[in-house]
Amino acid sequence: MAENRVQAAQNRLKRLAESIDSLSEKDESLMRYMREMAALRRAAAAELHSICAGFVCSVNTLLTRGTVTLDPPEFSQAGFREDLPNLIQMNVRGRILQVEYVTTAELSSTEDFRIPYTLEGFVRAFNQKLLDKNLIEEQLIFYTLERSGNMWRFFDARTYRSGPFEQEYLVGLMEQII
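If you're wondering where the values come from, they're calculated on a predicted model, not measured in any experiment.

*Asks:* Pulling in residues and values, what's your account of a negative patch on the surface?
*Replies:* Negative charge collects at one region of the surface, where Glu18, Asp21, Glu25, Asp27 and Glu28 lie side by side. Among the structural elements, Glu25 can be located in helix H1 (residues 2-62). For Glu25, a relative accessible area of 55% puts it in the exposed group.

In structure tokens:
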């Protein structure tokens, strides 16, 4: 009887040691995933800025008077903030497209959009006339994690319209406020 208790205690200690060892592996795997997601988020932020910069550059090459300004003009890895909102603004004579985005509380989420995403935010389009009426066109944006490839998407909560966040989308928004 005493031998059985000793053997049971030994088996229990062995299972505990195995559980602790597996925790170490799980923690290492989680830390690796967190580092990968942080790198993915920084790359997604750079991609978003690149889309906006490409739009501004494309418009500016066709303008004969005036320019569209981009703020910030360059993307900086050091300027990307994990815990605070990030802002990109395109301005043409007081007509503004403003992109604000943040990281999700969890590494990925499906709370506000059916496709898993890791960054979320808003695109706002406004001018003085709209501000005077307290109207600002606002649509949601998400950096989605998809099997076919990760991408930035917009979502219009009023119409349930969704699509890629790209130059053509920005052209449509800018047309609304010009």
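*Asks:* Run through the sheet that holds strand S6 (residues 151-156), naming residues and quoting values.
*Replies:* Strand order in this open sheet of 7 strands is S1-S2-S3-S4-S5-S6-S7, and the pairing throughout is antiparallel. Each end of this open sheet is capped by a strand with a single partner; those strands are strand S1 (69-71) and strand S7 (161-164). Strand-to-strand, the axes of this sheet are offset by a mean angle of 20°, without reference to chain direction. As paired strands, strand S2 (residues 86-92) and strand S3 (residues 95-103) are joined by 7 bridges and run antiparallel to one another. Within the sheet, the bridge partner assigned to Asn91 lies in S3 and is Ile96. Contacts from helix H3 (residues 167-177) reach S2, S3, strand S4 (117-126), strand S5 (137-144), S6 and S7 within the one sheet, and its direction differs from that of S3 by about 135°.

*Asks:* Give a description of the pattern of salt bridges that names residues and reports values.
*Replies:* Where charged atoms from two side chains of opposite charge approach closely, those side chains can pair. Under the definition given, this model contains 6 salt bridges. Residue Arg124 pairs with Glu100 through a salt bridge whose shortest N-O separation is 3.0 Å. Residue Arg124 is found in strand S4, and its partner Glu100 is found in strand S3; the two are separated by 24 residues along the sequence. When the shortest N-O distance is used, the salt bridge between Glu138 and Arg124 registers 2.7 Å. In this pair, Glu138 is assigned in strand S5 and Arg124 in strand S4, connecting sequence segments 14 residues apart. A residue is classified by how much of its surface remains accessible, and Glu138, at 37% relative accessible area, is partly exposed.

*Asks:* Residues and numbers for the side chain of Gln139, please.
*Replies:* Note that Gln139 resides in strand S5. Here the side chain of Gln139 touches Glu137 through a polar contact of 3.3 Å, side chain to side chain. One polar contact links Gln139 to Asp156, side chain to side chain, over a distance of 3.2 Å. In this view, Gln139 contacts Gly121, Phe122, Val123, Phe154, Phe155, Asp156, Arg161, Tyr169 and Leu173; residues no more than four positions away in its chain are not counted.

*Asks:* For the packing of aromatic side chains, give the residues involved together with the corresponding values.
*Replies:* Per the counting criterion, the structure on display carries 9 aromatic pairs. An angle of 15° between the planes, with centres 6.4 Å apart, marks the rings of Phe80 and Tyr101 as stacked. Here Tyr101 lies in strand S3 and Phe80 lies in the loop between S1 and S2, a separation of 21 residues in the sequence. When its relative accessible area of 9% is taken as the criterion, Phe80 is described as buried.

Scoring rules and cut-offs
Residues numbered from 1 in each chain as written. Predicted model: local features only at pLDDT ≥ 70, side-chain atom pairs only at ≥ 80, totals over all residues. Heavy atoms only, no water. Patch = residues over 30% accessible without salt bridge, like charges linked within 9 Å, V, L, I, M, F, W, Y side chains within 5 Å. Areas by Shrake-Rupley, 256 points an atom, 1.4 Å probe, with all protein chains shown as cover. Salt bridge = Lys/Arg side-chain N within 4 Å of Asp/Glu carboxyl O. Lys, Arg positive; Asp, Glu negative; His and termini not counted. Charge placed at Lys NZ, Arg CZ, Asp CG, Glu CD. Helix = DSSP H or I, 4+ residues; strand = E, 2+ residues; numbered from the N terminus. Buried < 20%, exposed > 50% of the residue type's maximum accessible area, 1.4 Å probe, protein only. Pairing = 2+ DSSP bridges. Axes fitted to C-alpha atoms, helices over the stretch in contact; angles between N-to-C directions. Contact = heavy atoms within 4.5 Å. Polar contact = N/O pair within 3.5 Å; in protein donor to acceptor, adjacent residues only side chain to side chain. Phe/Tyr/Trp six-rings, centres within 6.5 Å; stacked < 30°, edge-to-face > 60°.

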